[in-house]
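For reference, the chains in residue letters:
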Amino acid sequence: MSIDFEIPAEAKAIRAKVRQWVQDECKPAEKRLTDGEDYKTVLNELRGKARAQGLWCPFIPKEYGGMGLGPLANALVQMELGESHLGALSMNTQGPDDATMMTLLAHGTDHQKEKYLKPLLNGEKRICYSMTEKAAGADATGMQTRAVKDGNENYVLNGEKWFSSAASVADIALVMAMTDPDAPRHQRYSTFIVELPNPGYRIVRDIETMAVHGPLTEILGGGHSEVEIKDLVVPAEDLLGGEGNGFNMGQHRLAYGRLRHGMHNVSMAQRALDLATAHVVQRETFGKKLSERQGVQWMLADCAAEIYKARLMLLHIAYKAERGDDIRQENSIAKIFLANMVHQVVDTAIQLHGALGFSLDTPLAAWYTHIRSQRLVDGPDEVHRWTVGRNVIKAFEREGTTASACGGDLL
Ligand SMILES: Cc1cc2nc3c(=O)[nH]c(=O)nc-3n(C[C@H](O)[C@H](O)[C@H](O)COP(=O)(O)OP(=O)(O)OC[C@H]3O[C@@H](n4cnc5c(N)ncnc54)[C@H](O)[C@@H]3O)c2cc1C
């Protein structure tokens, strides 16, 4: 009996619909923006149309106004959306908002869901996530920002945050702070919902980065802020998920965010390979089309193999998630692989475009500078490799083989 790779008809249909949506609506809208049309007008129009077609908040349950897609259908949808920078935004499933909505959905009280989640799900507000500090990133248990209870009504927060993505366009922030320095390391932190703007949460600057910035970068949520937290008063009812649970909630949130980045990378890599192929079939050097050179064909073949591995990896993870299996090892492996995969494919596409690839006349150069961050965010490569490697050793010690740590249940 063979493994069934047939995608269920319903999931196939939704993927086809989203694919068409991205090709027919999002990609042309990108051009409207570069031609100077107002961003809000273009996005609102897109969102109105998407919602009217039922394309909205893919993994959010239907009773909350989303599409209620399970892991497989959501993965297929996200793998289409990354082809346009307006794809995820048009369906209100952009990072960092989407993973943060998931946290509010899983841990919010009824009051918090009504007040904060509802406008996010309606696309009326944006949310950011403030965990990383200059003091601590990969090892988030080193965060220094403190939250001290002031009577029964409020907490008062003091400290700093940096690289809070989209903070300068957000209406709400989830802020992590230490509530109990004497608790075990992973139980010291709590998460607070903060309405913005707020005098206690001051955006010091949007940090200049290596990523190519266009006039829309900040508006689209591509900015990353340094934040001063000074005497920030948060009502006790805006503590999310109870004291001491901030770290675990954060890890749950990041686990989805990591995969979503990876899913978008697949379609970005696919578009990069499409652009490269379209270029080599028409460009001639030394009396021949580039596409006729075996060396060039090998470069395309290597990209095709990377994209194929990426799709299979994500589909296998989606399959395991559908069954409720533990996917932590696969999640870390995929996080590393997909960040490096997209880098390699976009780099090859730039190489094949020559100077044109280095210019900003194609989207490749901007993508290249943006995706470099993916080897750092949501846990740097080395931290995931550390975890994956430890699991390899544990599997060997437990079972006499490392297979179960290498997608072994495929065997
Ligand atoms: C574009 C971008 C967007 C971001 N968005 C957000 C956001 O919205 N909210 C938020 O809270 N944070 C955000 N971050 C922060 C991000 O999560 C951190 O940068 C990341 O966790 C790494 O932390 P760090 O930068 O402090 O690096 P450090 O913790 O100082 O680590 C530096 C390097 O040391 C190495 N290293 C670390 N630990 C180990 C180890 N155990 N073994 C081997 N090597 C190791 C790795 O190579 C790592 O890159 C963002 C960052 C970027 C670049």
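Residue indices begin from 1 for each chain and proceed along its sequence in written order. Thresholds applied to this predicted model are a pLDDT of at least 70 for local features of residues and 80 or more for the giving and counting of side-chain atom pairs; totals over whole chains, interfaces and linings are not thresholded and use all residues. Based on all heavy atoms of the structure, the side-chain values leave hydrogens and waters out of the count.

1. Considering the UniProt feature "domain: Acyl-CoA dehydrogenase/oxidase N-terminal" (unreviewed entry) in the protein chain
Applicable threshold: UniProt positions are given in the numbering used here, feature names are shortened, and annotations may be inferred rather than shown by experiment. Segments assigned H or I by DSSP are reported as helices when at least four residues long, segments assigned E as strands when at least two residues long, and all are numbered from the N terminus.
UniProt records the feature "domain: Acyl-CoA dehydrogenase/oxidase N-terminal" (unreviewed entry) at residues 9-124, using the numbering of this structure. Regarding residues 9-124, the helix share stands at 67% and the strand share at 0%, and the terminal C-alpha atoms are separated by 33 Å.

2. Overview of the packing of aromatic side chains
This is how it is decided: Only Phe, Tyr and Trp rings take part, Trp by its six-membered ring, and two of them pair if their centres are within 6.5 Å. Stacked means planes under 30 degrees apart, edge-to-face means over 60, and tilted covers everything else. Only protein chains enter the accessibility calculation, which uses a 1.4 Å probe. A residue is then buried if its area is under 20% of the maximum for its type, exposed if over 50%, and partly exposed in between. Note on geometry: a ring has a charge over it if NZ (lysine) or CZ (arginine) is within 6 Å of the ring centre and within 35 degrees of the ring normal.
Applying the stated criterion across every chain, the model contains two aromatic pairs. Between the aromatic rings of tryptophan 162 and phenylalanine 163, the centroid separation amounts to 4.9 Å while the plane-to-plane angle is 85°, which identifies the pairing as edge-to-face. Taking the relative accessible area as the measure of exposure, phenylalanine 163 reaches 36% and is therefore partly exposed. The lysine or arginine in question, lysine 134, covers the ring of tryptophan 162, its NZ or CZ lying 5.3 Å from the ring centre. The ring centre of tryptophan 386 lies 4.6 Å from the NZ or CZ of arginine 390, which sits over that ring.

3. Describing the environment of histidine 107
Test applied: The criterion used for residue contact is that any of the two residues' heavy atoms lie within 4.5 Å.
Tracing the backbone shows histidine 107 in helix H5 (residues 97-107). Classification of histidine 107 by relative accessible area gives partly exposed; the value is 31%. Separated by 151 residues in the primary sequence, histidine 107 and arginine 258 have C-alpha atoms spaced 20 Å apart. Not counting residues within four places of it along the chain, the set of residues in contact with histidine 107 comprises Gln112, Leu240, Gly241 and Met249.

4. Side note on the packing of helix H1 (residues 9-34) against helix H3 (residues 71-81)
For clarity, the cut-off: Axes, fitted as lines to C-alpha atoms, cover a helix only where it is in contact. Angles between the N-to-C directions of the axes lie from 0 to 180 degrees. In this scheme, roughly parallel covers angles under 35 degrees and roughly antiparallel covers those over 145, while 65 to 115 is roughly perpendicular and the rest are oblique. Each crossing gets its handedness from the near helix: less than a right angle anticlockwise from the far helix is left-handed, clockwise is right-handed. The classification used treats Ala, Val, Leu, Ile, Met, Phe, Trp, Tyr, Cys and Pro as nonpolar, Asp, Glu, Lys and Arg as charged, and all other residues, Gly among them, as polar.
Interhelical geometry of H1 versus H3 gives an angle of 15° and a closest axis separation of 9 Å. Classified by the interaxial angle, the pair formed by H1 and H3 is roughly parallel. When the axes of H1 and H3 are compared, the crossing they make is right-handed. On H3, the residues that touch Ala11, Ile14, Arg15, Val18, Arg19 and Val22 of H1 are Ala73, Leu76, Val77, Glu80 and Leu81. Residues of the contact of H1 with H3, tallied by class, amount to eight nonpolar, no polar and three charged.

5. Brief notes about the UniProt feature "domain: Acyl-CoA oxidase/dehydrogenase middle" (unreviewed entry) in the protein chain
Here, the residues flagged by UniProt with the feature "domain: Acyl-CoA oxidase/dehydrogenase middle" (unreviewed entry) are residues 128-214. With 0% helix and 46% strand, residues 128-214 has end C-alpha atoms that lie 21 Å from one another.

6. Points about the pattern of salt bridges
Stated formally: Salt bridges are defined by distance alone: a side-chain nitrogen of Lys or Arg within 4 Å of a carboxyl oxygen of Asp or Glu.
A full pass over the atoms with the stated rule returns 24 salt bridges. The partner of glutamate 45 in a salt bridge is arginine 32, and the shortest N-O contact between them spans 3.0 Å. With a gap of 13 residues between them, glutamate 45 in helix H2 (residues 39-52) and arginine 32 in helix H1 connect regions that are remote in the sequence. Take glutamate 45: its relative accessible area is 38%, and that puts it in the partly exposed class. The exposure class assigned to arginine 32 is partly exposed, which follows from its relative accessible area of 25%. Of the charged contacts, one joins glutamate 133 and lysine 161 as a salt bridge, the two residues approaching to 2.9 Å between their closest N and O atoms. Of this pair, glutamate 133 sits in the loop between strand S1 (127-130) and strand S2 (146-150) while lysine 161 sits in strand S3 (residues 154-165); the two residues are 28 residues apart in sequence, bridging distant segments of the chain. Where salt bridges share partners, they join Arg19, Lys27, Glu80 and Glu83 into one cluster.

7. Quick word on the domain arrangement of the protein chain
Selection rule: An automatic or database domain assignment is the source of the domain bounds shown. Two parts placed together each lose some accessible area under a 1.4 Å probe, and the buried area is that loss summed for both. In protein, a polar contact requires one atom able to donate a hydrogen and another able to accept it; more generally it is a pair of N or O atoms within 3.5 Å, and residues adjacent in sequence count only if both atoms are side-chain atoms.
Domain parsing of the protein chain yields domain 1 (9-93), domain 2 (127-243) and domain 3 (248-410). Once you take the C-alpha centre of each, domain 2 and domain 3 turn out to be 30 Å apart. In this complex, domain 2 contributes nine residues to the contact, which on the side of domain 3 involves 12 residues. Regarding the contact of domain 2 and domain 3, the summed buried area is about 950 Å², with carbon and sulfur atoms giving 74% of it. The largest share of the area that domain 2 buries against domain 3 comes from Tyr129, Met210 and Val212, three residues that together contribute 50% of it. The tally of links between domain 2 and domain 3 comes to zero salt bridges. One can count two residue pairs in polar contact (both at pLDDT 80 or more) joining domain 2 with domain 3. A breakdown of the residues in the side of domain 2 that touches domain 3 according to their chemical character gives seven nonpolar, two polar and no charged.

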